[in-house]
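Residues per chain are reported as follows:
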Amino acid sequence: MLYLERRVLGLAACELHTGKLLKCTLKPDSHHTFNSFLLQRAWLSSQPQPSGRHPCHSLDQRAAGLYGIHAQPTQAGPHHRPPTLPLLTHRVLLSQAPSPKPNSSESAAKIKLRTRLLVTLLFGGGLLGTWWYVHSEKEQRRRTQRIEQLRQVALGHGDFHLLDHRGQRRTKKDFLGSWVLLYFGFTHCPDICPEELDKLSAVVTALDQDPALPPVQPLFVTVDPERDDIAALARYVGDFHPRVIGLTGTTEEVKQAGRDYRVYASLGPKDEDGDYIVDHTILIYLVNPDGLFLDYYNRMKSDSQIADSIRKHMKAYVKLLPE
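(A) Expanded view of the overall build of the protein. A count of helices and strands for the protein gives seven helices and 13 strands. For the protein, the residues scored as buried account for 32% of the 323 residues in total. Approximately 21,200 Å² of the protein is accessible, and the part contributed by carbon and sulfur atoms is 56%.

(B) Representation of helix α5 (residues 230–237) in the model. When α5 is considered as a whole, its buried residues turn out to be A232, L233, Y236 and V237. Burial along α5 is one-sided: seen end-on, the buried residues are contained in an arc of 115°. As for α5, its buried residues are in contact with α4 (192–208), β8 (216–222) and β9 (245–248).

(C) Quick peek at the packing of aromatic side chains. Evaluated as defined, the whole model comprises 10 aromatic pairs. Geometrically, the ring pair formed by Y236 and F240 is edge-to-face, given 5.3 Å between the ring centres and 65° between the ring planes. Residue classification places F240 among the buried residues on the basis of a relative accessible area of 15%. Clustering of aromatic rings is evident, with ring pairs tying together F184, Y261, Y285, F293 and Y296. Directly above the ring of Y276 sits R227, whose terminal nitrogen or CZ lies 3.5 Å from the centroid.

(D) Up close: the nonpolar core. Counting residues in each nonpolar core, the largest one holds 48 residues, and the members touching the most others are L181, L182, F184, F220, Y285 and I310. With residues near it in sequence (within four places) discarded, I310 still touches L181, V203, L207, L286 and Y297.

(E) View of a nonpolar patch on the surface. A surface patch of nonpolar side chains, amounting to about 640 Å² of accessible area, comprises L128, W131, W132, Y133 and V134. Relative to the helices and strands, W131 is located in helix α3 (residues 104–153).

(F) Fine view of the sheet that holds strand β6 (residues 169–171). If you trace the seven strands from one edge of the open sheet to the other, you get β6-β5-β9-β8-β7-β12-β13, paired in mixed fashion. The sheet terminates laterally at β6 and β13 (293–297), the two strands that pair on one side only. On average, each strand axis in the sheet is tilted by 35° relative to the strand beside it, whichever way the strands run. Both β8 and β9 contribute to a ladder of three bridges, which runs parallel. Directly across from F220, in β9, lies its bridge partner G246. Across the sheet, α4 is in contact with β7 (179–185), β8 and β12 (284–287); its angle to β7 comes to roughly 170°. Of the strands in this sheet, β5 (161–164), β6, β7, β8 and β9 touch helix α6 (residues 251–260), which is tilted by about 110° from β5.

(G) Local environment of unusual backbone geometry. Here the phi dihedral of R262 falls at roughly 55°; this positive angle occurs in a residue that is not glycine. Judged by relative accessible area, which is 57%, R262 ranks as exposed.

(H) Representation of the environment of P289 within the structure. For P289, the position within the fold is in the loop between β12 and β13. Residue P289 is classed as buried on the basis of its relative accessible area of 10%. Distance from P289 to V318, taken between C-alpha atoms, is 9.8 Å for residues 29 residues apart in sequence. Leave out the neighbours within four places in its chain, and P289 touches L176, G177, S178, W179 and Y317.

(I) Local environment of α4. Here α4 spans 24 Å end to end across 17 residues, near enough to the 24 Å set by a 1.5 Å rise per residue. Turning to α4, its buried residues number three or more, namely C193, P194, E196, L197, K199, L200, S201, V203, V204 and L207. Considering only its buried residues, α4 is in contact with β7, β8, α5, β11 (278–280), β12 and α7 (303–316).

(J) Up close: the environment of V244. Along the chain, V244 turns up in the loop between α5 and β9. V244 sits in the buried class, given a relative accessible area of 5%. When the C-alpha atoms of V244 and F220 are compared, they prove to be 6.9 Å apart, with 24 residues separating the residues in sequence. Look past the residues within four positions of V244 in its chain and what remains in contact with it is H165, S201, P218, F220 and V237.

(K) Representation of the confidence of the model for the protein within the structure. With 62% of its residues at a pLDDT of 70 or more, the protein has an overall mean of 75. Every residue in residues 54–78 is under pLDDT 50, and counting partners more than four places away or in other chains gives 32 contacts. Counting contacts from residues 84–97, a segment whose pLDDT is below 50, to residues more than four positions away or on other chains yields 31 contacts.

(L) Layout of the pattern of salt bridges. Overall, the coordinates contain 10 salt bridges when judged by the stated rule. Here E195 and R299 are joined by a salt bridge, their closest N and O atoms 3.6 Å apart. Of this pair, E195 sits in helix α4 while R299 is found in the loop between β13 and α7, placing the two residues 104 residues apart along the sequence. Overall, E195 belongs to the partly exposed group, its relative accessible area being 43%. The partly exposed category is assigned to R299, whose relative accessible area is 43%. The salt bridge partner of E252 is R259, with a shortest N-O separation of 3.2 Å. According to the relative accessible area criterion, R259 is partly exposed, its value standing at 47%. Through salt bridges with shared partners, a single ionic network connects D224, R227 and D275.

So, how was this worked out
Residues numbered from 1 in each chain as written. Predicted model: local features only at pLDDT ≥ 70, side-chain atom pairs only at ≥ 80, totals over all residues. Heavy atoms only, no water. Helix = DSSP H or I, 4+ residues; strand = E, 2+ residues; numbered from the N terminus. Buried < 20%, exposed > 50% of the residue type's maximum accessible area, 1.4 Å probe, protein only. Areas by Shrake-Rupley, 256 points an atom, 1.4 Å probe, with all protein chains shown as cover. Arc of directions from axis to C-beta. Contact = heavy atoms within 4.5 Å. Phe/Tyr/Trp six-rings, centres within 6.5 Å; stacked < 30°, edge-to-face > 60°. Lys NZ or Arg CZ within 6 Å of the ring centre and 35° of its normal. Core = buried A, V, L, I, M, F, W, Y, C linked by side-chain atoms within 4.5 Å. Patch = residues over 30% accessible without salt bridge, like charges linked within 9 Å, V, L, I, M, F, W, Y side chains within 5 Å. Salt bridge = Lys/Arg side-chain N within 4 Å of Asp/Glu carboxyl O. Pairing = 2+ DSSP bridges. Axes fitted to C-alpha atoms, helices over the stretch in contact; angles between N-to-C directions. Expected span 1.5 Å × (residues − 1). pLDDT = per-residue confidence, 0-100.

Have a look at this one:
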C-alpha cells in the first residue's frame, strides 16, 4: 500500500488563470475538517471573480470568511500571539500504482548475459562433440590396425574339421558369431591341463554372471589323438564347465588345427607301461565372433585378470567382417 501525504500549513497565495485555480495554499481553521476545506476550495475556484479586485485578494477574503479568519488586520498585544493552526495531513490510498518501467540498461545487461551463456554452451558442446568424434575415429583406427596385425600374424585363419565328445563333426564355422576360449591339451596331463581348464571354467562362470555380456564358448582340443578318443574326452570334460566341448580327430586333423594357432606339441618317450607325456604350448586363446584370434593368456594370468580383459574386448568389439 502506498500513501500520499498532503500537508496544509496555511493560506499563502493563490494563482488564477482564466477563472481556474492553479495553485492555492490555505490555513484552515482547526474547527473545520480537511474534507470541508477541500470542498470549499474547489467551490471558490469555480466562482467568478468580482471586477476591480485582485483575484488573490478576493479568494483570500472569501477563504478567511469561510474559515473564521477576519480579513481586517488586528492589533497584536504584548502577550498576543498569532493563532497557531494545526498541521493537517491527508493520506490518499493509491490502490493501483503504475508499475515502474524496466530500466533499459538492466534489460540490455540481461540480454547480453543470456547471449554469452548461450554462446558458451554452444561452444562447449561443439568442443565436446569434436573430441568425441576424434576419439571415436582414433579408436576405430586402432581396432582396424589391430585386426590387420592379427591377419599378419595369421593365427586361427584356417578351418578345422574335428569330432566333438558326442561324436558330432565340428568345423570353425559352427562357432562363428560366438566368443570362444580355446585351449590345447591332453587328458593324461597330470597337473597343468586340469589347472588351466579349471581357470578357464572360472572365467566362463564369472562372465556368465553379467547378463549384459554374450556367452562364451569354451573349447578343449586334444594334442594327443592317439589316446584321447571320443569316450575319453566325454569323461574328461565332464569335470569342468558344462559348456566345455572336447574336440578330437585323426592325427593329421589335430595337427592342422594346432598349426593354425601355432601350437607346439611334442610327444615324449614312452615308459615301460607305454605311458608318455606331451610337451605343448600352454596358452588360452580368445577368438572373437568373426573367428579371428584376438588375445591370449598364459599361466601367469589369473581368472579375474582374464575375465576383465575379455570384458574390455567385448565392449570394444565392432564387427568388421561381412556375414
